[in-house]
Structure formats: structure tokens, C-alpha cells
Amino acid sequence: KIPLSKYFTELQNSQIGISPFGMGEITYRDYETIGCGCTLVKPDMGHLETWPELFQSEKTYIAHHWDLSDLNEVVNKLLKEPERAIEIANAAQDIYKKALNKKGQETFVERIIKYMEMA
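Right, let's walk through the structure included here.

What follows covers the nonpolar core. It is characteristic of soluble globular proteins that their nonpolar side chains tend to be buried jointly. Listed in full, the nine residues of the largest apolar core are Ile16, Val41, Ile62, Leu71, Val74, Val75, Leu78, Ala85 and Ile88. Sorting the residues of this core by element identifies helix H3 (71-80) and helix H4 (82-100) as the ones contributing at least two each. No other element matches H3, which puts four residues into this core. Counting residues in each nonpolar core, the second largest holds eight residues, with Ile34, Leu54, Ala63 and Ala92 among its members.

Below, the structure written as C-alpha cells:
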């Protein structure tokens, strides 16, 4: 175990953040990885619809098979394509930032109100 500040320093100095499923598909590590500017690599999330749309395979994260059988291949390919990795990391950060700004907060509240009205 390392101090949280050292963890974030390591993540900020990394190109890739691997985020396996934890107590569900979405974990804190996903947001930490995106926030620190790494390319998120995690099991395929194609079965979920999220808001914001942070989990768009090949656009905002890189998917690997659930059984990890292609994890080495996925990571090695990304390491050989640093421009692509940066593009994906930036796309994820852009979506995340928009969700956190004032307009994103208003959209979130509107969505919650809409769902409450449907109940």
C-alpha cells in the first residue's frame, strides 16, 4: 500500500491505467485514471449505457476480453501507438470535464428530475 499522493503521482506519470471490474463494472479507478490523463484499459463495457458516456470503446477507453486473454496484446498495441493513446485519454477527459462543469451539473439534475417524474 502506498500513500494516496504517491498513487496519483504514479498515475499522472503513466500512459495506461488498467481498471478491472471491482464491486461492479464501474470503479473509482476509472475516474482516477481518466482524471490523471491515462488511457483507460478495462473489460468490455458494451453491455452498459452510462451518463456521461465515458465508456465508448476505442474512443474513450480500450476494451479487453473479460477473461483477460488479450490484455497483453491490448497494452502492447497501445504502447506502440502513443499518439492514439493520448487521443483516447484526451477524449475521455473532455467528456468527464463537461459532465463536471455547470452545464453538466444542470444536465445531471434535469435527468434525475425526469426519472423521478417517470416513477
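That was the structure; now back to the text.
Moving on: unusual backbone geometry. Residue Pro52 is bonded to the preceding Trp51 through a cis peptide linkage, with omega at -5 degrees. Residues other than glycine seldom take positive phi values, yet Glu58 does so here, at roughly 70 degrees. Looking at Glu58, the relative accessible area reads 46%, which means it is partly exposed. Of note in the backbone geometry, Leu68 takes a positive phi value of approximately 65 degrees without being a glycine. By the secondary structure assignment, Leu68 is in the loop between strand S3 (62-64) and H3. Residue Leu68 is classed as partly exposed on the basis of its relative accessible area of 48%.

About the cut-offs
Residues numbered from 1 in each chain as written. Predicted model: local features only at pLDDT ≥ 70, side-chain atom pairs only at ≥ 80, totals over all residues. Heavy atoms only, no water. Core = buried A, V, L, I, M, F, W, Y, C linked by side-chain atoms within 4.5 Å. Buried < 20%, exposed > 50% of the residue type's maximum accessible area, 1.4 Å probe, protein only. Helix = DSSP H or I, 4+ residues; strand = E, 2+ residues; numbered from the N terminus.

That is the geometry; function is a separate question.
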